[in-house]
Amino acid sequence: TLEELWKKAQLFEKKRGMRYTHIMVIRDDTFWAAPFKVDFVSSHSRGDKVMVTLDCLQYGGVNDKMLLFSRDAAEEMLSPLQVWLNDSHPRLDNT
């Protein structure tokens, strides 16, 4: 799962004594028709929670073929199961 891969990336970081600044998730059926410019990186401060994806063109909604997260956004978005299991907020009691 994506969550398991995120955990492996975090273990790799710990082993190497480093931290990724951004995490890119790409589906294996993604086809690149043009270059993707990662220009949002310089316009956000460390600690910002930012996610970028490609336009869906005619379909609408969120395109899940490519997701680029700032590190802080990845911390929250790539571990949804753990957040759900460990969140003591009552809003999740009936989910």
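*Asks:* Sorry, what's going on with the overall build of the protein here?
*Replies:* Of regular secondary structure, the protein possesses three helices and three strands. Seen in sequence order, the protein has helices and strands lined up from the N terminus as α-β-β-β-α-α. Counted over contacts in the protein with a minimum sequence separation of 6, partners at least 24 positions apart contribute 56%.

*Asks:* I keep staring at a nonpolar patch on the surface and nothing clicks. Help me out?
*Replies:* Judged by side-chain polarity, Met24, Ile26, Trp32 and Val38 come together as a nonpolar surface patch covering roughly 340 Å² of accessible area. Counting through the fold element by element, Trp32 comes out in the loop between strand 1 (22–26) and strand 2 (51–53).

*Asks:* Explain the sheet that holds strand 3 (residues 66–70) to me, please; I cannot follow it from the model alone.
*Replies:* The strands making up a sheet are joined through hydrogen bonds of the backbone, oriented either antiparallel or parallel. Sheet architecture is open: three strands sit in the order 1-3-2, paired in antiparallel fashion. Two strands in the sheet have a free side with no partner beyond their single neighbour: strand 1 and strand 2. For this sheet, the mean inter-axis angle between neighbouring strands, taken without regard to orientation, is 15°. In this structure, strand 1 lies alongside strand 3, joined through five bridges in antiparallel fashion. Within strand 3, the residue paired with Ile23 across the bridge is Phe69.

*Asks:* Can you walk me through helix 1 (residues 2–16) in this structure?
*Replies:* For helix 1, spanning 15 residues, the distance from its first C-alpha to its last is 21 Å, which sits close to the expected 21 Å at 1.5 Å a residue. When helix 1 is considered as a whole, its buried residues turn out to be Glu3, Trp6 and Glu13. Within helix 1, the buried residues cover an arc of 75° as seen down the axis, which keeps them to one side. For helix 1, exposure combined with an orientation more than 90 degrees from the buried face picks out Leu5, Lys8, Leu11, Lys15 and Arg16. Two residues or fewer past helix 1, Gly17 is found with a positive phi of approximately 70°.

*Asks:* Hey, could you run me through the pattern of salt bridges in this one?
*Replies:* Once their charged atoms are close, side chains differing in charge can pair, the charge on each being opposite to the other. The full count for this structure, using the stated rule, is five salt bridges. Residues Asp29 and Lys65 are paired through a salt bridge, measuring 3.6 Å at the closest nitrogen-oxygen approach. Of this pair, Asp29 sits in the loop between strand 1 and strand 2 while Lys65 sits in the loop between strand 2 and strand 3, placing them 36 residues apart in sequence. Looking at Lys65, the relative accessible area reads 28%, which means it is partly exposed.

Thresholds applied
Residues numbered from 1 in each chain as written. Predicted model: local features only at pLDDT ≥ 70, side-chain atom pairs only at ≥ 80, totals over all residues. Heavy atoms only, no water. Helix = DSSP H or I, 4+ residues; strand = E, 2+ residues; numbered from the N terminus. Contact = heavy atoms within 4.5 Å. Patch = residues over 30% accessible without salt bridge, like charges linked within 9 Å, V, L, I, M, F, W, Y side chains within 5 Å. Areas by Shrake-Rupley, 256 points an atom, 1.4 Å probe, with all protein chains shown as cover. Salt bridge = Lys/Arg side-chain N within 4 Å of Asp/Glu carboxyl O. Pairing = 2+ DSSP bridges. Axes fitted to C-alpha atoms, helices over the stretch in contact; angles between N-to-C directions. Expected span 1.5 Å × (residues − 1). Buried < 20%, exposed > 50% of the residue type's maximum accessible area, 1.4 Å probe, protein only. Arc of directions from axis to C-beta.

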